[in-house]
Amino acid sequence: MLLAHEAVASPGIAAFLPALPLLLAAGLYLFAYARVRRQRVGWPLIRVASFVGGLLAIALALLPPLAAHDEQFQVHVSQHLLLAMVAPLLLALSAPITLALRTLPRRCRHILVRVLHTRPLQLLSHPVFAALLDFAPLSLLYLTPLYGYTLTHPQVHELMHAHFLFAGCLFAWATVGSDALPGRASVRLRGIVIFLAFAAHATISKMIYASGPASAGVRGTSLHDWRLGAELMFYGGDAVELFLVLAFALQWYRLEGKRLERKTQPPVANAATAATLATENIRGKALQPRLDGLAAAATLAAEGFRRPVDVVTGVEGSRTRRSLDRMRGRCVPDEAR
Amino acid sequence: MAGEGSRPRGYAEGEIDSRRSILSGVLVGIAVAGFVDETLFHQILHWHHFYDKSTPAWGLVSDGIFHACTWFAVVIGLIMFADLRRKYTWSKHRWWGGWLLGLGGFQLYDGTIQHKWWGLHQIRYHVTIWPYDTVWNVLAAIMILIGITLLMRARSAQSVATSR
């Protein structure tokens, strides 16, 4: 995402340039939503709201009035919370990658699947790496004169904002993302990382409180303002982390619920069980596992869906097997297309 | 899901998940200890402060971990509780026993290790501290003892009869 150079003094038209990529992203998501609604398995409206909410949070952080006063430490801390915590959480919960996999043309979908399985991306989306990328620069930034440096150099300031957003998104995707990315870490590891991240945020906030603006190379801020900013970071971070933990726990609860439903269903024929398993990650009205799952599978088969796996991707039964083979790491002969 | 009132077929009649019941209770107990500390001592009485200037650097780390513990424990503990209830595998005695253990255990840890050994902060400043310390730790010990009693009773009740 391109972040435009912010205006320095009065909020002229240039200050509203960051809104353009955000509007573009919102437009793309809504367009994809319109397309996916026509498919058999829908898309929950709350995910659209979550994506738009995340973009709104970014807009709030990067546009005036907040951006115009960001030499004040409290304003800067609010920007940080919005960019690095609120927006990534909302964006991760809206599952844009899954939406893309459902609505992109076949070629692009295969490229995306292939990209998702590359080693660098697997490393980036590992919770420990994402947490380190998120929190190590945090302590470096506010406890060394690096922060003062960003205040006097606008390009580095922009870079800092971009880093907040990028690292925050990686962390949110790795821990509570609704996109079930390939090679996702176990529940236990993600829980431990969330807990440690919570602790790190609280500790760093108190360290910032204790150190003061001088050690951060900031000249115009009083100690009182600095401390207010540190407390805002502490309690604001608390609030957002609470929602993070809640999202994590509710995801676990839902998974346990599906496991319980599978345990309590009387054994049904293979097609229905396969359909149930295939819809593990999708909330679709037509496919709620019920005792008449056999009938549901038969209806779907009659309407042209060949396999439950085609239902998952929601397309009219095309080259899904190749995508899945790629996902499973098997060799796929090059298509002559 | 299966019909109202009937047990889910994945679990036998009277089957309880003792490990998860205790764990869920302990988590909620720790969380309650943390919240009482935050609201009663920080906000209402103002005996504790956001940052106690005598706190060494690693004291801040332990503060941060304690803080994370509180929030994390309440959410995870309550969701585990909800999961146990819908599976009908919840054990009342074990859960409350764990709750008392968590609450009393954390309070004892705070009262002895954090206040006295590490000296991170005190219960109250500018007063004679030993009555406060005594009441704090004795209450904690009583809660732990009641918790252990509940757990032992639960285990013996299960071995005598199949019901919890």
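Everything quoted here is computed from the prediction, not taken from an experiment. (Residues numbered from 1 in each chain as written. Chains lettered and ligands numbered in written order. Predicted model: local features only at pLDDT ≥ 70, side-chain atom pairs only at ≥ 80, totals over all residues. Heavy atoms only, no water.)

Peer 1: Break down the packing of helix α1 (residues 19-37) of chain A against helix α4 (residues 96-103) of chain A for me, citing the residues and quoting the values.
Peer 2: All names here are of chain A. Contact geometry of α1 with α4 gives a least axis separation of 10 Å together with a crossing angle of 55°. Here α1 lies oblique to α4, going by the angle between them. Every pair of crossing elements has a handedness; the one defined by α1 and α4 is left-handed. Mapping the contact onto sequence places Y29, A32, Y33, R35 and V36 in α1 and P96, L99, R102 and T103 in α4. Here the contact of α1 with α4 is built from residues that sort into 6 nonpolar, 1 polar and 2 charged. (Axes fitted to C-alpha atoms, helices over the stretch in contact; angles between N-to-C directions. Helix = DSSP H or I, 4+ residues; strand = E, 2+ residues; numbered from the N terminus. Parallel < 35°, antiparallel > 145°, perpendicular 65-115°, else oblique. Left-handed = near helix turned anticlockwise from the far one by under 90°. Contact = heavy atoms within 4.5 Å. Nonpolar A, V, L, I, M, F, W, Y, C, P; charged D, E, K, R; others polar.)

Peer 1: A description of a nonpolar patch on the surface should follow, citing residues and the corresponding values.
Peer 2: Nonpolar side chains collect at one region of the surface, where L17, L20 and L23 of chain A lie side by side and expose about 290 Å² of accessible area between them. In this fold, L20 of chain A is placed in helix α1. (Patch = residues over 30% accessible without salt bridge, like charges linked within 9 Å, V, L, I, M, F, W, Y side chains within 5 Å. Areas by Shrake-Rupley, 256 points an atom, 1.4 Å probe, with all protein chains shown as cover. Salt bridge = Lys/Arg side-chain N within 4 Å of Asp/Glu carboxyl O.)

Peer 1: Residue-level account of the confidence of the model for chain B, with values.
Peer 2: Within chain B, residue pLDDT values average 80, and 76% of them lie at 70 or more. For this predicted complex, the interface confidence reaches an ipTM of 0.78, while the overall pTM sits at 0.75. (pLDDT = per-residue confidence, 0-100.)

Peer 1: Could you give an account of the interface of chain B and chain A, with specific residues and numbers?
Peer 2: In this complex, chain B contributes 27 residues to the contact, which on the side of chain A involves 29 residues. At the boundary of chain B with chain A, total buried surface from both sides reaches about 2900 Å², with 76% on carbon and sulfur atoms. Taken together, the connections running from chain B to chain A amount to 2 salt bridges. E256 of chain A is paired through a salt bridge with R20 of chain B; the nearest N and O atoms lie 3.9 Å apart. Inspection of the region where chain B meets chain A yields 3 residue pairs in polar contact (both at pLDDT 80 or more). Sorting the residues of the side of chain B that touches chain A by element identifies α1 (18-44) and α2 (57-86) of chain B as the ones contributing at least two each. (Buried area = accessible area lost by both parts, 1.4 Å probe. Polar contact = N/O pair within 3.5 Å; in protein donor to acceptor, adjacent residues only side chain to side chain.)

Peer 1: Go over the environment of A157 of chain B with me, naming the residues and quoting the values.
Peer 2: Residue and element names in this part refer to chain B. Looking at the element boundaries, A157 is found in helix α4 (residues 130-160). The partly exposed category is assigned to A157, whose relative accessible area is 30%. Distance from A157 to H93, taken between C-alpha atoms, is 9.9 Å for residues 64 residues apart in sequence. (Buried < 20%, exposed > 50% of the residue type's maximum accessible area, 1.4 Å probe, protein only.)

Peer 1: Can you tell me about helix α10 (residues 187-211) of chain A, naming the residues and giving the values?
Peer 2: If you check α10 of chain A, its first and last C-alpha atoms are 36 Å apart, about what 25 residues at 1.5 Å a residue would give, namely 36 Å. Note on α10 of chain A: the residue one or two positions beyond its end, G212 of chain A, has a positive phi of about 95°. (Expected span 1.5 Å × (residues − 1).)

Peer 1: Please provide a residue-by-residue account of the pattern of salt bridges, values included.
Peer 2: Residue and element names in this part refer to chain A. Following the criterion strictly, the structure yields 6 salt bridges over all chains and no others. E256 is the partner of R259 in a salt bridge, and the nearest nitrogen-oxygen pair spans 3.1 Å. Of this pair, R259 and E256 are both found in helix α11 (residues 223-264), 3 residues apart, which corresponds to roughly one turn of the helix. According to the relative accessible area criterion, E256 is buried, its value standing at 8%.

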